[in-house]
Amino acid sequence: MSDHLPVLLVVVPLIAAPIAALIRSVRLSWLIACGASWWALYAAWGLLSRVRGGEVISYALGGWPAPYGIEYRVDAVNAWVILIVAAIASVATPYAYQSVRREVESDRVSLFYSAWILCLTGLLGISVTGDVFNVFVFLEISSLSAYALISLGQDRRALTSAYQYLIMGSIGATFIVIGIGLMYIMTGTLNMMDLSERLPAVMDTRAIPVAFAFLTVGFSLKLALFPLHLWLPNAYTFAPSAVTAFIAATATKVAVYMMLRFFFTVFGAAFAFDVMQVDLILLPLALVAILSTSLVAIHQQNVKRLLAYSSVAQIGYMILGVSLASVAGLTAGLLHLFNHALMKGALFMAMGCVMYRVGSVRIDAMAGLGKKMPWTMAAFVVGGLSIIGVPLTVGFISKWYLVQAALAAGLWWVAALVMVGSLMAVIYIWRVVEVAYLSPAPDGDGVAEAPLAMLIPLWVLVAANVYFGVNAGLTTEVATRAAEILMGVTS
Amino acid sequence: MSHDESLHPDRMDGSRPEGPPLGPYAWWSHPAAERPRIWDDPANVRKLLIGFYIACAVLVLLELVVDRHEYHPWEAIFGFHAWYGFAACWMLVVIAKQMRRVLMRSEDYYDVD
Amino acid sequence: MWIDLPPFILLFVGGVLAAVTRGTLRKSIMLAVPILGGLNLIGVEHGARFQYEVAGQTLTLFRPDGLSLLFGYLFHLAAFIGNLFALHLTDEEGATLQHSSALLYAGSALGAVFAGDLITMFVFWELLAFTSVFLIWARGTERSYRTGFRYLVIHVLSGVLLLSGAIIRAQETGSIEFGNIGLDGSLGAWLILISFGIKAAFPLAHNWLTDSYPESTATGAVFLSAFTTKVAIYGLARGYAGTEMLVYIGAVMTAFPIFYAVIENDLRRVLGYSMINQIGFMVTGIGLGTALGVNGAVAHAFNDVIFKGLLFMTMGSVLRQTGRINGSDLGGLYKTMPWTAAFCIVGAASISAFPLFSGFASKSMVMAAALEEGHSIVWLVLLFAAAGVFHHAGIKIPFFAFYGHDSGIRTTDPPKNMLVAMGISAVLCIVIGTFPEQTLYRILPFEGGYHPYDVTHVLTQTQLLFFGALAFVGLQKFHIYPAELRSINIDVEWLYRWVAPRIVGGVGSLVSRIDGAVRGTAVSAARRVIAVGSRDHAGEGLLARTWPTGSMLLWVAILLVGYITFYLAR
């Protein structure tokens, strides 16, 4: 079976999704979702342990060899991303049970889990495939299901947010498919490895830079790079809490992966960075993202929205690492990919717990929660420390490598701006902590600690924040390996 | 020292601290309160000060007797540490008092916007 | 030594236990933890241990050697005395919070001085701030709340600088080990020095100290005065001994605060200024870098913790018993607080470096070291400061609180535990001052004998002090001495407490107005260009509002055109 792991990774959830929709039982469809995500985690671990050493798995779908058939191709880079997606899904799905019962109408819950599994399928598919058109297909699967998931939020603004996300997401996907189409016209192939071999011959044509431009904008939209992030805050704010936790920790990460794969593997680092000089655009945008959206986050009154803006800033850190176009920079970016999934997952889950008990995630609703929901708020504090980048948390590991990479590139002012970003994170995290711990609680609203079924997944992520903050051996090893593969450096 | 008016420019009117009038045996009923204390008597303060002046004089005159080691050429000046300490403190207070003109603000200076 | 363990662990465990226990049990813990921890340090083996590999760097949690051990003993002693002094606290006074954070704070200080690398040091550096701020906030006033925030911001900034410096050093030298750094012109060394400087209250960065300590609780100030600045002194002694610039920085630190101290009304703030003055002596000694200079600096740090702690304890007692601490409100307390008054005089004599009191045994080392190195001007400044400190801390504090004009306040001496704590400190001041060679000098980190008690030293120092006192008497007689006035004096903090808010407010409103105008125009232009789709969305906020889908599309279009132009122009 292990030979078929790449395809089983996607096929099992793909089959699970309609089953979950057909079974109209809340508990059963949830169990199926859990099963699908745990399977994905098992398969992801299997894949990663096989490619950790630098091996590449190539799997021909239906026995049709590439470039004629669709090839699934796994190396350390996407095995890493698959693991992130699967790991977050395996924690977020158990968490979702209570949260979704409270926030989604009961007759829609089984459809919710169906969309949830589909979204997971799409994200895994994007990551595992080695075929650019297949990327687009899975992108549509994950995006469409994500729109549906977001629109299920309690607030009626969820619908308009999902609609807005739909429009922007579709435009992004369209741009990507236009880029893919242009490449296909010029080379006659859709297989990534094939493309990378044939593209150099047609690099001088106008079509390829235009394709590159469409792809850049498409990816920027999908991964919410400033200033194309505007769809993100509302989508994250009004989506059901569990959805926010899941999507915030995975969807943009996969979009970053897509960008990396196209830039480094399909086009090649030399074309993207030396000829197109995309770093000249990415670096300033990343820095503006870090500073501007952190500033916006400071002024937010709704904590989910605050965290959403913080996410845009954090994406800035990842893109900053990518734009350094060095092994060190990519390592930092890929580390942050993983680490940010852990911290934002934990923070949004904590907010889900607050939503569950208090019914609001506005800052003033946090008053006194430090006493009433000690475990939830303690988790928030640890997640917040991680966002800030305090030592012993994963956030510190990310920042450490990012600053090191910036200094190694001679960009000390970039390193300084990263520090400034951290300071701004102190402010927006502190605003929440201050109200939760120092403001007196309103009397007699009967708010109690969140149910254990939500707290346990939350604390699993919190523990991971600390564990990988102390023992960063595995994460740095894999991230470094992935960065070397992307840069085409063999060690 | 508390009633030695010469030491307290802000109590020049000779006012007594507020409180009920105290009878001659108040020290018994208010043992910790208004029993006459050592520095309430200006004579004691005076004695203390006189003793202090003598001590100062003796300290300087001791230099004539004691073989003082000099670590720094300026220490050779007679009574260097004595006049330096006196001048330093006098200057310190005079300058600090002038600094008040620039630095002093009301107590709620930072509290009002 | 019974158990080989980094000392901070015991204190942290104690801090947690103090939070969950009550009554006699907690009191026993508060006293037992520093005693056991201190005894456990006796005879400890030197050398780095408890090392962990993280991200390719070695973290060292426990590195006892001559220098760190001296501070290790000192901090245990200070924690014991402080805990004893605070033992009576009731729940209304926030006993749990104060006890717990005091032990955690002491533990952080121990963690910092025994840290063998800059990253571990950084962690404890920040913990120092986060644990101690509760001793300020526990006062429970609006003012202490805001002061605590300023304190926290400045110390977190100091930590960020330390971390930045550590990263740059790791980049340059490949190691994060904390040894002698010195100013070699590299940015990392400068950042770390500035970070230490902020915590050590260097001039212009000193104001957090005089801002926050007077706003802390009556007992909290005792802890605050013991740990934070001394950890910084340890850091400077370890990393920057012999950096000449420190000689002059130290000299400035000894001199300028005493002017402020003379005209300051809040007696605990007077102590804050005199604390900067004392740290100045230590910084100078470290800057001199000779065995005598550094020994003098750390010895003075040791003594300062005890006598400054004693003075803060006496003023804390006054604050607790009378509810007042301004010189203008106090006076004549010797009648009803005789023990406190006596202890205050011992503390005052020690800080003024009277022979037979502890300050004398250490301050004279720094002065002698300055002379040995030929720093005449610096020596004169130190001499001036030595006379000045007697003037404001030695005379002003006891005089205006306990003597001077009778304020009419009638109270009593504080509870027994506070008296005993002060008594222990007072005895230590006298014992160390009288027998320095049998006590303090034995644990100094560097070799080199020093004999404070020769005729010259005793005579000149006594002359200096007596004539300083004579000046005080004269100034009072001639009514030149400035009266204590209900007022405050502006200091560097004026820049960030008065000027900055006004500039920020002004610039902020200007920026938001310009920003509003620019964005308003741009958005309305965008509306007109893409009228469809944005018609239903009314404009609300500015930066963070929900953008109309049309505006988003405009961005997409702009970027696409931009990218294509950029790429085709290649």
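Residues numbered from 1 in each chain as written. Chains lettered and ligands numbered in written order. Predicted model: local features only at pLDDT ≥ 70, side-chain atom pairs only at ≥ 80, totals over all residues. Heavy atoms only, no water.

**Concerning the overall build of chain A**
Okay, step 1: Assigned secondary structure in chain A consists of 19 helices and two strands.
Okay, step 2: Over its C-alpha atoms chain A spans a radius of gyration of 21 Å, differing by no more than 12% from the 23 Å that the globule rule assigns to 491 residues.
Okay, step 3: Counting the 491 residues in chain A, one finds 66% classified as buried.
Okay, step 4: Expressed as a percentage of contacts within chain A between residues at least 6 apart in sequence, the contacts between residues at least 24 apart total 79%.
Okay, step 5: When the accessible surface of chain A is totalled, it reaches about 15,600 Å², and 66% of it is carbon and sulfur.
Okay, step 6: Side-chain charges of chain A comprise 25 positive and 22 negative groups, with the mean position of each set lying 9 Å from the other. (Helix = DSSP H or I, 4+ residues; strand = E, 2+ residues; numbered from the N terminus. Rg over C-alpha atoms; globule rule 2.2 N^0.38 Å. Buried < 20%, exposed > 50% of the residue type's maximum accessible area, 1.4 Å probe, protein only. Contact = heavy atoms within 4.5 Å. Areas by Shrake-Rupley, 256 points an atom, 1.4 Å probe, with all protein chains shown as cover. Lys, Arg positive; Asp, Glu negative; His and termini not counted. Charge placed at Lys NZ, Arg CZ, Asp CG, Glu CD.)

**Focus: the environment of Glu 140 of chain A**
Okay, step 1: Relative to the helices and strands, Glu 140 of chain A is located in helix α5 (residues 132-151).
Okay, step 2: A C-alpha to C-alpha distance of 21 Å links Glu 140 of chain A and Ala 79 of chain A, two positions 61 residues apart in sequence.

**Focus on the pattern of salt bridges**
Okay, step 1: Following the criterion strictly, the structure yields 19 salt bridges over all chains and no others.
Okay, step 2: Residue Arg 362 of chain A is joined to Asp 364 of chain A by a salt bridge in which the shortest nitrogen-to-oxygen separation is 3.8 Å.
Okay, step 3: Accessibility expressed as a relative area gives 53% for Asp 364 of chain A, which makes it exposed.
Okay, step 4: Here Asp 91 of chain C makes a salt bridge to Arg 26 of chain C, at a shortest N to O gap of 3.9 Å. With Asp 91 of chain C in the loop between α3 (66-85) and α4 (95-114) and Arg 26 of chain C in helix α2 (residues 23-41), this residue pair connects regions lying 65 residues apart in the sequence.
Okay, step 5: Given the relative accessible area of 6%, Arg 26 of chain C is considered buried.
Okay, step 6: What emerges from the salt-bridge pattern is a single network uniting Glu 215, Glu 264 and Arg 269 of chain C. (Salt bridge = Lys/Arg side-chain N within 4 Å of Asp/Glu carboxyl O.)

**A word on the interface of chain C and chain B**
Okay, step 1: Between chain C and chain B, the residue contacts involve 66 residues of the former and 60 residues of the latter.
Okay, step 2: Summing both partners gives a buried area of about 6,300 Å² for chain C against chain B, and 70% of it is carried by carbon and sulfur.
Okay, step 3: When the buried area of chain C at its contact with chain B is split by residue, Lys 335, Phe 467 and Ile 488 of chain C rank highest and sum to 10% of it.
Okay, step 4: Remark: the boundary between chain C and chain B carries zero salt bridges.
Okay, step 5: At the junction of chain C and chain B, the tally comes to six residue pairs in polar contact (both at pLDDT 80 or more).
Okay, step 6: Those elements that provide at least two residues to the side of chain C that touches chain B are α10 (244-263), α15 (376-402), α17 (455-477), β3 (488-489) and α18 (493-529) of chain C. (Buried area = accessible area lost by both parts, 1.4 Å probe. Polar contact = N/O pair within 3.5 Å; in protein donor to acceptor, adjacent residues only side chain to side chain.)

**Digging into the arrangement of the chains**
Okay, step 1: Where two pairs of chains are in contact, the pair with the most contacts is made of chains B and C.
Okay, step 2: For chain A and chain B, which are not in contact, the least C-alpha distance works out to 21 Å.

**Regarding the domain arrangement of chain A**
Residues and elements named next belong to chain A.
Okay, step 1: The domains assigned to chain A are domain 1 (1-275) and domain 2 (278-491).
Okay, step 2: One C-alpha centre belongs to domain 1, the other to domain 2; they are set 22 Å apart.
Okay, step 3: The interface of domain 1 with domain 2 comprises 51 residues on the first partner and 51 residues on the second.
Okay, step 4: For the domain 1 and domain 2 pair, buried surface summed over both sides reaches about 4,600 Å², with 77% attributable to carbon and sulfur atoms.
Okay, step 5: For domain 1, the biggest contributors to the area lost against domain 2 are Trp 80, Tyr 95 and Phe 226; these three give 17% of the whole.
Okay, step 6: Summed over the shared surface of domain 1 and domain 2, the result is one salt bridge.
Okay, step 7: Residue Arg 52 pairs with Glu 477 through a salt bridge whose shortest N-O separation is 3.0 Å. (Domains from an automatic or database assignment.)

**Points about the packing of aromatic side chains**
Okay, step 1: In this structure the tally under the stated criterion is 64 aromatic pairs over all chains.
Okay, step 2: Measuring from ring centre to ring centre gives 5.1 Å for Phe 219 of chain A and Phe 262 of chain A, while their planes differ by 55°; the resulting arrangement is tilted. In this pair, Phe 219 of chain A sits in helix α8 (residues 207-223) while Phe 262 of chain A sits in helix α10 (residues 241-275), placing the two residues 43 residues apart along the sequence. Considered together, Phe 219 of chain A and Phe 262 of chain A belong to a single accessibility category, that of buried residues.
Okay, step 3: Ring geometry for Phe 52 of chain B versus Phe 466 of chain C: centroids 5.6 Å apart, planes at 20°, classification stacked. With Phe 52 of chain B in helix α2 (residues 42-65) and Phe 466 of chain C in helix α17, this pair bridges two chains.
Okay, step 4: Put simply, the rings of Phe 71, Phe 75, Tyr 105, Trp 125, Phe 178, Phe 196, Phe 227, Tyr 234 and Tyr 240 of chain C pair up and form one aromatic cluster. (Phe/Tyr/Trp six-rings, centres within 6.5 Å; stacked < 30°, edge-to-face > 60°.)

**A few points about the interface of chain C and chain A**
Okay, step 1: Listed by partner, the interface residues are 36 residues for chain C and 45 residues for chain A.
Okay, step 2: Buried surface at the junction of chain C and chain A, summed over both partners, amounts to about 3,700 Å²; 79% is from carbon and sulfur atoms.
Okay, step 3: Area buried by chain C at its contact with chain A is led by Met 552, Tyr 563 and Tyr 567 of chain C, which between them contribute 17% of it.
Okay, step 4: Summed over the shared surface of chain C and chain A, the result is zero salt bridges.
Okay, step 5: Viewed at the interface, chain A and chain C are joined by two residue pairs in polar contact (both at pLDDT 80 or more).
Okay, step 6: Mapped onto the side of chain C that touches chain A, the elements with two or more residues apiece are α5 (118-137), α6 (142-173) and α19 (549-568) of chain C.

**Side note on the side chain of Asn 326 of chain C**
Okay, step 1: Mapped onto the fold, Asn 326 of chain C is located in the loop between α12 (291-322) and α13 (338-351).
Okay, step 2: With relative accessibility at 14%, the residue Asn 326 of chain C sits in the buried group.
Okay, step 3: Among all residues touching Asn 326 of chain C, those that are not within four sequence positions of it are Glu 107 of chain B together with Asn 265 and Asp 266 of chain C.

**Some thoughts on helix α16 (residues 416-434) of chain C**
Given 3.6 residues per turn, any residue in an α-helix points the same way as the ones three and four places further on.
Residue and element names in this part refer to chain C.
Okay, step 1: When the terminal C-alpha atoms of α16 are compared, their 26 Å separation across 19 residues agrees well with the 27 Å that a helix rising 1.5 Å per residue should span.
Okay, step 2: Within α16 the residues assigned to the buried category are Asn 417, Met 418, Leu 419, Ala 421, Met 422, Gly 423, Ser 425, Ala 426, Cys 429, Ile 432 and Gly 433.
Okay, step 3: Where α16 is buried, its residues contact α3, α12, α13 and α14 (358-372). (Expected span 1.5 Å × (residues − 1).)

**What about the domain arrangement of chain C?**
Residues and elements named next belong to chain C.
Okay, step 1: Annotation of chain C at the domain level lists domain 1 (1-154 + 206-228), domain 2 (241-486) and domain 3 (493-568).
Okay, step 2: On a C-alpha basis, the centroid separation for the pair domain 1 and domain 2 is 24 Å.
Okay, step 3: Listed per partner, the contact involves 32 residues of domain 1 and 34 residues of domain 2.
Okay, step 4: Summing both sides of the interface, domain 1 and domain 2 together bury roughly 2,700 Å²; the carbon and sulfur share of this comes to 77%.
Okay, step 5: Counting the contacts that link domain 1 with domain 2 gives one salt bridge.
Okay, step 6: For the salt bridge of Arg 269 with Glu 215, the shortest nitrogen-to-oxygen distance reads 3.6 Å.
Okay, step 7: Seen at the junction of domain 1 and domain 2, the total is eight residue pairs in polar contact (both at pLDDT 80 or more).
Okay, step 8: Listed by contribution, the elements that provide at least two residues to the side of domain 1 that touches domain 2 are α3, α8 (207-212) and α9 (220-239).

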